[in-house]
Amino acid sequence: MAIHQIDPGLVPFQILDPEGNLVGEMPALSPERLLYFYRMMRLARAFSDRIIAMQRQGRATTFGSLTGQEAATVGLAAPLQPQDWLATSYREIASLIVKGVPLSTLVYSFRGYTPPNWPAETRCLPYQIVIGTQIPHAVGLAMAARIAGDPVVAVGVCGDGATSEGDFNEALNFAGVFRAPVVIIVQNNGWAISVPRHRQSAAPTLAARGVGFGVPAALVDGNDILAVYETVRQAVERARAGDGPTLIELLTYRLGSHTTADDASRYRDPAEVEAWRAKDPIARLQKFLRRRDLLSEEQDEEIGASVLAEIDAAVREAEAMPPMAPDSFFDYVSATLPPRLQEQRAELLRFVAPSPSQRQPGERR
Amino acid sequence: MALRPMTMIEALNNALALELERDERVVLLGQDIGLNGGVFRVTDQLQRRFGERRVFDTPLAESAIIGTSVGMAVYGLRPIAEIQFAGFLFLGMSQLVTQAARMRFRSGGAFSCPLVVRSPYGGGVRTPELHSDSLEGVFLQTPGLKVVIPSNPYDAKGLLAAAVADPDPVLFLENIKLYRSFRQETPEEYYTVPLGKAKTVQAGDDVSVFAYGAMVPVALEAARQAQQELGISVEVIDLRTVWPLDEEAIVSSVEKTGRAVVVHEAPRAGGIGAEVTALINERCLYSLLKPVARVTGYDTPYPVPGVEDYYLPTPAKVLAALRQVMEP
Ligand SMILES: Cc1ncc(C[n+]2csc(CCOP(=O)(O)OP(=O)(O)O)c2C)c(N)n1
Ligand SMILES: [Mg+2]
């Protein structure tokens with residue numbers, strides 16, 4: 001059991017060691033499910049690489065690398081049911097994919113547009129940019145489920161830096177006071193842009209924050225997808241059974257720069273990065289699967305090719321979607337557009353040259 | 001004075017270095033301002049030069065950055081806090097508005113709060129959500145707080161020095177688009193540009209345009225086009241301190257021209273433009289030949305990168321407003 005009523009201590013819960021050896025109790029997962037985890041991790045990494053490449057080509061806006069955090073982000077979403085809610089930051093794009101947000105929707109958003117069809121039925125909130133603000137939302141979603149008497153759990157995910165924000169701590173307190181069916185997950189990737197984890201909190205672990213709020217907590221090897229999956233599964237089960245909230249700290253590492261606008265070589269020791277590269281979460285599951293004869297070399301290559309094909313198709317689809325209309329930002333300001341904003345919209349349209357597709361045939365430029 | 005061509009980033013960096021040199025009480029705090037030199041490099045090398053005791057990274061907590069700056073200012077230090085993007089001022093709002101701005105008032109003058117909060121703001125640079133918002137209008141109802149927005153490297157340096165010297169809290173907003181857009185001959189030495197004083201960037205007779213930050217070059221371009229196309233002479237005034245306003249500069253210009261346009265990228269409702277217009281009504285309505293026009297961001301949230309250019313005032317939009325106020 002990884003979840004502790006009091007301080008979870010300093011030793012992270014682990015099922016697979018970095019060499020892919022089983023060092024804990026194997027969760028009940030079918031070979032198909034294990035391969036699904038593996039494929040989703042490969043997809044997450046390839047997706048991140050693709051958007052970063054598109055950003056360099058001017059086809060996408062600022063993007064935060066997902067690389068190194070695939071076990072954490074895939075593993076935390078895998079135990080969720082369709083009726084469960086998920087509120088994340090920009091770093092958990094892979095969690096959204098697992099929960100059912102289409103790749104093309106995400107690509108469209110990274111082109112710098114608001115997707116016209118955000119899949120509300122996945123119960124994923126749009127990924128959050130303002131640090132820590134999604135955690136109160138997750139707790140509120142969980143409080144609502146409890147008030148309504150629904151067997152629904154909410155999961156809120158943020159980074160190590162976010163644990164310094166008031167919102168995070170206030171939300172954790174609410175979770176405890178209201179026994180909310182929520183799982184609050186901290187992806188501790190070692191850094192908040194250039195600020196290392198030890199400069200965020202003098203506490204030895206972020207999981208230790210749970211004790212002070214009366215919230216059971218777990219410290220988990222976030223590069224071990226089996227440990228992540230199993231801990232979150234237990235926490236979700238506890239929440240659904242009415243046993244209240246859990247705080248989970250996932251120890252992982254941001255192998256890339258913070259975003260495409262950042263240069264980590266300014267502040268980070270390359271030796272530290274190399275040490276974490278050796279703990280690559282994808283390689284760890286790969287070794288485990290290979291050793292158990294669950295993944296042949298051919299299958300592995302097939303998976304690599306199929307995730308690329310899936311990403312290609314999503315990028316094609318997103319790039320074929322029309323850009324947002326110039327005046328589209330007047331949509332969704334509120335349920336109805338007040339007359340004042342209708343006037344402002346008309347005012348803007350007087351300055352917008354009609355695009356070629358909007359021009360009538362034969363109309364002059 | 002020794003002049004050197006500087007970008008606004010370099011001018012601000014130079015201003016901060018001078019403050020750290022000349023006054024032991026000055027400390028810099030914020031997210032990623034140390035080794036990383038700030039996400040825009042405004043504090044580049046300052047931690048190395050002045051040490052971690054005086055230039056330090058904080059945990060990721062805007063409320064505590066501003067709240068502890070209040071404590072340090074009351075103690076006698078001169079904190080200069082950086083909020084990484086102005087949109088995140090909202091997370092420090094309580095400490096800035098209800099505490100920093102009111103310390104002198106609620107202590108009956110026993111304590112003061114001489115702190116500077118610096119923050120990048122402004123659109124057109126394809127940033128993620130809440131990295132481009134212009135918040136100055138929000139602070140028109142924050143008595144006790146001054147709001148300064150420079151439009152060029154020379155002013156940025158001098159105004160920042162004046163903000164640090166000011167006995168009360170100052171919010172210093174730096175336009176992201178202007179950070180590196182041009183260099184200007186700027187003195188290496190210490191100097192101040194007074195707070196609360198607007199600057200006539202271009203004198204003119206027919207219409208007054210009031211702007212600040214990145215809208216100053218937009219206004220100047222519109223003024224150039226208006227001169228060419230309409231044959232009118234436009235006075236362009238850079239407000240520089242947007243709160244409190246330089247009322248004399250505004251009133252005397254409108255008394256001369258009889259027409260006025262206000263330009264800002266912040267939303268229209270209840271903003272600087274509304275306040276300038278009300279001021280003109282109160283002080284020189286009978287000089288006005290036409291109603292004051294406002295060219296601003298719209299009353300919507302700041303849009304996503306793909307459509308943000310449509311949100312921002314452009315020379316074409318300002319020119320249309322100039323045409324409108326010039327109608328007989
Ligand atoms: C409230 C707020 N303050 C500052 C920022 C700027 N910022 C963006 S990401 C980031 C660091 C976040 O670190 P962490 O919570 O560890 O998440 P990570 O990026 O490592 O996943 C900062 C300071 C922001 N987006 N929101
Ligand atoms: Mg982090």
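Each chain carries its own residue numbering, running from 1 in the written order of its sequence. Chains and ligands are labelled by the order in which they are written, letters from A for the one and numbers from 1 for the other. Side-chain atom pairs in this predicted model are given and counted only at pLDDT of 80 or more, local residue features only at pLDDT of at least 70, and totals for whole chains, interfaces and linings cover all residues. With hydrogens and water set aside, each side-chain value is computed from the structure's full complement of heavy atoms.

Draft legend 1. Up close: the overall build of chain B. Secondary structure is summarised from DSSP: a helix means a run of H or I of at least four residues, a strand means a run of E of at least two, and numbering begins at the N terminus for each. Per the secondary structure count, chain B includes eleven helices and 14 strands. The C-alpha radius of gyration of chain B comes to 20 Å, within 12% of the 20 Å expected for a compact globule of 328 residues. Each of the three principal axes of chain B carries a C-alpha extent, and together these read 60 × 45 × 45 Å. Carbon and sulfur atoms form 53% of the exposed surface of chain B, whose accessible area is close to 12000 Å². The positive count covers Lys and Arg only, the negative count covers Asp and Glu only, and His and the chain ends enter neither. Just so you know, the charge point we use is NZ for Lys, CZ for Arg, CG for Asp and CD for Glu. Placing the 31 positive and 38 negative side-chain charges of chain B at their respective mean positions leaves the two points 2 Å apart. Each radius of gyration is computed over the set of C-alpha atoms, and the globule rule expresses the reference value as 2.2 Å times the number of residues to the power 0.38. Per-residue accessibility takes into account occlusion by the displayed protein chains alone, with areas from the Shrake-Rupley method and a 1.4 Å probe.

Draft legend 2. Inspection of the interface of chain A and chain B at higher detail. Throughout, a residue-residue contact means that at least one pair of heavy atoms, one from each residue, lies within 4.5 Å. Residue-level contacts link 35 residues of chain A with 39 residues of chain B. For this document, the term salt bridge refers to a Lys or Arg side-chain nitrogen within 4 Å of an Asp or Glu carboxyl oxygen. There are four salt bridges connecting chain A and chain B. The closest approach of N and O atoms between Glu347 of chain A and Arg268 of chain B, which form a salt bridge, is 2.9 Å. Residues adjacent in sequence count toward polar contacts only when both atoms are side-chain atoms; beyond that, a polar contact is any pair of N or O atoms within 3.5 Å, and within protein one must be able to donate a hydrogen and the other to accept it. At the junction of chain A and chain B, the tally comes to nine residue pairs in polar contact (both at pLDDT 80 or more).

Draft legend 3. Summary view of the packing of aromatic side chains. In this scheme Phe, Tyr and Trp rings, the latter by its six-membered ring, pair at centre separations within 6.5 Å, and the angle between planes marks the pair as stacked below 30 degrees, edge-to-face above 60, and tilted otherwise. As enumerated under the stated definition, the model contains 19 aromatic pairs over all chains in all. Here, over-ring charges are defined by two tests on the NZ atom of lysine or the CZ atom of arginine: distance to the ring centre within 6 Å, and angle to the ring normal within 35 degrees. Cation over ring: Arg22 of chain B sits above Tyr190 of chain B, and NZ or CZ is 3.6 Å from the ring centre.

Draft legend 4. Quick peek at the sheet that holds strand S4 (residues 78-82) of chain B. Residues and elements named next belong to chain B. Spatial strand order, S3-S2-S4-S5-S7-S6-S12: seven strands in an open sheet with mixed pairing. The strands lining the two open edges of the sheet, one partner per strand, are strand S3 (55-57) and strand S12 (241-243). Averaged over all pairs of adjacent strands, the angle between their axes in this sheet comes to 25°, without regard to strand direction. By the convention used here, strands pair only if DSSP detects at least 2 bridges between them. Two elements, strand S6 (residues 146-148) and S12, share two bridges in a ladder whose sense is antiparallel. Bridging from a neighbouring strand, Val148 pairs with Thr241 of S12. Angular values range over 0 to 180 degrees, each being the angle between N-to-C directions of two axes fitted as lines to C-alpha atoms, with helices fitted over their stretch in contact.

Draft legend 5. Fine view of the domain arrangement of chain A. For each domain, the first and last residues come from an automatic or database assignment. Each assigned domain of chain A is listed here: domain 1 (31-320) and domain 2 (335-365). For domain 1 of chain A versus domain 2 of chain A, the distance between C-alpha centres works out to 40 Å.

Draft legend 6. Spatial organisation of the site of ligand 1. Close to ligand 1 lie 21 residues; Tyr90, Arg91, Asp160 and Trp191 of chain A together with Glu62 of chain B are nearest. Being near a molecule or strand, for a residue, comes down to having at least one heavy atom within 4 Å of it. Residues within reach of ligand 1 are spread across chains A and B. A distance of 2.7 Å separates an oxygen atom of ligand 1 from a polar atom in the side chain of Arg91 of chain A. Residue Trp191 of chain A places a main-chain N or O atom 2.8 Å away from an oxygen atom belonging to ligand 1. Isolated, ligand 1 exposes 580 Å² of accessible area, and the fraction of that covered by the protein chains is 97%. Nonpolar residues are Ala, Val, Leu, Ile, Met, Phe, Trp, Tyr, Cys and Pro. Charged residues are Asp, Glu, Lys and Arg, and all others, Gly as well, are polar. Its residues assigned to classes, the shell around ligand 1 shows eleven nonpolar, six polar and four charged.

Draft legend 7. Examining the sheet that holds strand S2 (residues 154-159) of chain A more closely. Residue and element names in this part refer to chain A. The strand order S1-S2-S3-S7-S6 describes an open sheet built from five strands, whose pairing is parallel. Whereas interior strands pair on both sides, the edge strands pair on one side only; in this sheet they are strand S1 (85-87) and strand S6 (217-221). Between one strand axis and the next, the sheet turns through 20° on average, direction left out of account. Summarising the sheet, S2 and strand S3 (residues 182-188) pair through six bridges and their orientation is parallel. Considered in S3, the bridge of Ala154 is made with Val182. Sitting on the sheet, helix H6 (residues 166-177) touches S2, S3 and strand S7 (246-251), and the angle it makes with S3 is about 150°.

Draft legend 8. Quick look at the coordination of the magnesium ion (ligand 2). All names here are of chain A. A 2.8 Å cut-off from the metal defines N, O and S donors, relaxed to 3.2 Å for Na, K and Ca; water is not in the atom list, so some sites may appear incomplete. Of the protein atoms, only Asp160 (OD), Asn189 (OD1) and Trp191 (O) coordinate the magnesium ion (ligand 2), at distances of 2.0 to 2.1 Å. Linear spacing of the donor residues for the magnesium ion (ligand 2) on their chain is D-x28-N-x1-W. One end of the pair, Asp160, is in the loop between S2 and H6; the other, Asn189, is in the loop between S3 and strand S4 (191-192), with 29 residues separating them in the sequence. As far as burial versus exposure is concerned, Asp160 and Asn189 are alike and both buried. Partly exposed residues are those whose accessible area sits between 20% and 50% of the maximum for their type, while under 20% is buried and over 50% is exposed, using a 1.4 Å probe and protein chains only.

Draft legend 9. Layout of the environment of Lys256 of chain B. All names here are of chain B. Following the sequence through the fold, Lys256 ends up in helix H8 (residues 247-257). Spatially, the C-alpha atom of Lys256 lies 8.5 Å from that of Val207, the residues being 49 residues apart in sequence. Each residue touching Lys256, except ones within four places of it in the same chain, is listed here: Gly204, Asp205 and Glu235. Here Gly204 takes part through its backbone oxygen, which lies 3.2 Å from a polar atom of the side chain of Lys256.

Draft legend 10. Just the confidence of the model for chain B, in detail. When pLDDT is averaged across chain B, the result is 98; 100% of the residues are at 70 or more. Predicted complex metrics record ipTM = 0.97 and pTM = 0.97. Every residue gets a pLDDT, meaning the predictor's confidence in that residue, from 0 to 100.

Draft legend 11. Up close: the packing of helix H1 (residues 31-56) of chain A against helix H4 (residues 103-110) of chain A. Residues and elements named next belong to chain A. It is the contact of H1 with H4, at a shortest axis distance of 11 Å, that shows an interaxial angle of 30°. Judged by the angle between their axes, H1 and H4 are roughly parallel. You can see that H1 and H4 cross each other, and the crossing is right-handed. Contacts between H1 and H4 involve Leu43, Phe47, Ile51 and Met54 from the former and Leu103, Leu106, Val107 and Phe110 from the latter. Angular relationships are summarised with four words: roughly parallel below 35 degrees, roughly antiparallel beyond 145, roughly perpendicular across 65 to 115, and oblique for the angles in between. Crossings are assigned a handedness: left-handed for a near helix turned anticlockwise from the far helix by less than a right angle, right-handed for a clockwise turn.

Draft legend 12. Structural view of the state of the cysteines. All names here are of chain A. Sulfur atoms of two cysteines make up a disulfide when they are within 2.5 Å. Tallied over the entire structure, the rule returns zero disulfides over all chains. Between Cys124, a cysteine without a disulfide, and Cys158, which holds the nearest cysteine sulfur, the sulfur-to-sulfur distance is 16 Å. Since its relative accessible area comes to 3%, Cys124 is described here as buried.

Draft legend 13. Looking closely at the nonpolar core. Residues and elements named next belong to chain B. With 107 residues, the main nonpolar core has Leu89, Phe210, Val261 and Ile280 as its most contacted residues. Built from parts of two domains, this core gets at least three residues from each of domain 1 (3-187) and domain 2 (199-326). Ignoring anything within four residues of it in the chain, the contact list for Leu89 reads Ile66, Ile83, Leu96, Val117, Ser119, Leu135, Phe139, Leu171 and Leu173. As used here, the term nonpolar core means buried Ala, Val, Leu, Ile, Met, Phe, Trp, Tyr and Cys residues forming a set that is joined through side-chain atoms within 4.5 Å.

Draft legend 14. Spatial organisation of helix H11 (residues 297-320) of chain A. Here, expected helix span is obtained from the residue count minus one, scaled by 1.5 Å. The end-to-end C-alpha separation of H11 of chain A is 35 Å, in line with the 34 Å expected for 24 residues at 1.5 Å each. Considered for burial, the residues of H11 of chain A that qualify are Asp300, Ile303, Gly304, Val307, Ile311, Ala314, Val315 and Ala318 of chain A.

Draft legend 15. Expanded view of the pattern of salt bridges. All names here are of chain A. Using the criterion set out here, one finds 38 salt bridges over all chains in the structure. For Glu274, the salt bridge is made with Arg277, and the minimal N-O distance between the two is 3.3 Å. Of this pair, Glu274 and Arg277 are both found in helix H9 (residues 270-277), three residues apart, which corresponds to roughly one turn of the helix. With relative accessibility at 47%, the residue Glu274 sits in the partly exposed group. Linked by salt bridges that have partners in common, Arg42, Arg290 and Asp300 make up one network.

Draft legend 16. Quick look at a nonpolar patch on the surface. All names here are of chain A. To count toward a patch, a residue needs a relative accessible area over 30% and no salt bridge; like charges are then connected within 9 Å, while nonpolar side chains (Val, Leu, Ile, Met, Phe, Trp, Tyr) are connected within 5 Å. Where nonpolar side chains cluster on the molecular surface, the patch consists of Phe174, Val177 and Phe178 and spans about 300 Å² of accessible area. Along the chain, the position of Val177 falls in helix H6. Look at Val177 and you get exposed, because its relative accessible area is 57%.

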